[in-house]
Amino acid sequence: MSWDDIVGHEVVKRIWQAHLADGCVSNAYLLAGPEGIGKRRLALEMAKALNCTSEPRPCDQCATCLQIAKSTHPDVHAVVPGGASQQIRIEDIRHIIGRISLRPFSARKQVVVLDGAERLTEEAANSLLKSLEEPSASTHFLLVTAHLSHCLPTITSRCQIIRCRPLLREAVEKMLLASQACEAASAAAVARLCGG
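These remarks concern the structure in this document. None of the values given here were measured: they were computed from a predicted structure.

1. Some details on helix 2 (residues 39-51)
And step 1. End to end, helix 2 covers 19 Å across 13 residues, agreeing with the expected 18 Å (1.5 Å per residue, within 8%).
And step 2. For helix 2, a buried count of eleven out of 13 residues is recorded, marking the element as mostly surrounded by other parts of the structure.
And step 3. Turning to helix 2, its buried residues number three or more, namely Lys 39, Leu 42, Ala 43, Leu 44, Glu 45, Met 46, Ala 47, Lys 48, Ala 49, Leu 50 and Asn 51.

Structural data, given as structure tokens:
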């Protein structure tokens, strides 16, 4: 998947492409928007763009892009809520901090994709703060949330917030038809229900 393969989110894609072109990528972004609109896919695409070894970035064909797409790259770290409480605990964050304190294994940048930033326990958030404030030059954080108001202010204040909007009806319909998930009439009906 390349930037062009991501349905919708044109503003976010333009912002990130400009940051990459200018060499002014923030150390921490927080993608905020409704559940299920592709925020995590955007974050993974940015992880590929930061580490791609070809042009245009991401190329989706180099070994790095392919590993990230398969979730097997040693320098791209996913953190998701877990356990009975479905929270991100301090142990999860300590593990990641330990990993990013080392040099990247094979990529230019280490990328932490933290999905469910609102699910950080207070202890986990406090443990993450120093890394967000003073990351190494080879580390970027991409946080994702569907509930920005539930994220701790200490976390949001250290990230560049990017708001993701719901997909337009036309985009939802196009995506359903392209994936052959349903017929044209069904795709139009689903798009009316969930598209912005």
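2. Section: the packing of helix 1 (residues 10-22) against helix 2
And step 1. Closest axis-to-axis distance for the helix 1/helix 2 pair is 11 Å, and the angle between their directions is 20°. As far as their axial angle goes, helix 2 and helix 1 are roughly parallel. Both helix 1 and helix 2 take part in a crossing whose hand is right-handed. Of the residues in helix 2, those touching helix 1 at Val 12, Lys 13, Trp 16 and Leu 20 are Leu 42, Ala 43, Met 46, Ala 49 and Leu 50.
And step 2. Classifying every residue of the contact of helix 1 with helix 2 by side-chain character gives eight nonpolar, no polar and one charged.

3. Some details on the sheet that holds strand 3 (residues 110-115)
And step 1. Pairing in this open sheet of five strands is parallel, and the strands run 2-3-4-1-5 from one edge to the other. Lying at the two open borders of the sheet, with one neighbouring strand each, are strand 2 (76-79) and strand 5 (160-163). Here the strands of the sheet are splayed against their neighbours by 20° on average, with no regard to which way each runs.
And step 2. The sheet contact formed by strand 2 and strand 3 spans four bridges and is parallel. Looking at the pairing, Val 76 lines up with Val 111 of strand 3.
And step 3. Packing against the sheet, helix 5 (residues 122-133) makes contact with strand 1 (28-32), strand 3 and strand 4 (139-145), and its axis sits at approximately 130° to strand 4.

4. Quick look at the packing of aromatic side chains
And step 1. All told, the structure shown has one aromatic pair when counted by the stated rule.
And step 2. Each ring, one from Trp 16 and one from Tyr 29, has its centre 5.4 Å from the other, and the planes form 70°; the classification is edge-to-face. Linking Trp 16 in helix 1 with Tyr 29 in strand 1, this pair joins segments that are 13 residues apart in sequence.
And step 3. Of the residues examined, Trp 16 reaches a relative accessible area of 0% and is grouped as buried.
And step 4. Relative accessible area serves as the criterion here: at 1%, Tyr 29 is assigned to the buried category.

Cut-offs applied
Residue positions are given per chain, counted from 1 along the sequence in the order it is written. Two thresholds apply to this predicted model, a pLDDT of at least 70 for residue-level local features and 80 or more for giving and counting side-chain atom pairs, whereas whole-chain, interface and lining totals are computed over all residues. Side-chain measures here rest on the full set of heavy atoms in the structure, leaving out hydrogens and waters. Counting from the N terminus, the helices are the DSSP runs of H or I reaching at least four residues and the strands are the DSSP runs of E reaching at least two. Expected span, for any helix, means 1.5 Å times one less than how many residues it has. Only protein chains enter the accessibility calculation, which uses a 1.4 Å probe; a residue is then buried when its area is under 20% of its type maximum, exposed when over 50%, and partly exposed in between. Axes, fitted as lines to C-alpha atoms, cover a helix only where it is in contact. Angles between the N-to-C directions of the axes lie from 0 to 180 degrees. Orientation is classified from the angle alone, with under 35 degrees giving roughly parallel, over 145 giving roughly antiparallel, 65 to 115 giving roughly perpendicular, and any other angle giving oblique. Should the near helix be turned counterclockwise from the far one by less than a right angle, the crossing is left-handed, whereas a clockwise turn marks it as right-handed. We call two residues in contact whenever any of their non-hydrogen atoms come within 4.5 Å of each other. Lys, Arg, Asp and Glu make up the charged group, whereas Ala, Val, Leu, Ile, Met, Phe, Trp, Tyr, Cys and Pro make up the nonpolar group; the residues left over, Gly among them, are polar. Here a strand pair is declared whenever DSSP counts at least two bridges between the two strands. Put simply, two rings from Phe, Tyr or Trp (the six-membered ring, in Trp's case) pair if the centres are within 6.5 Å, and we call them stacked under 30 degrees between planes, edge-to-face over 60, tilted for the rest.

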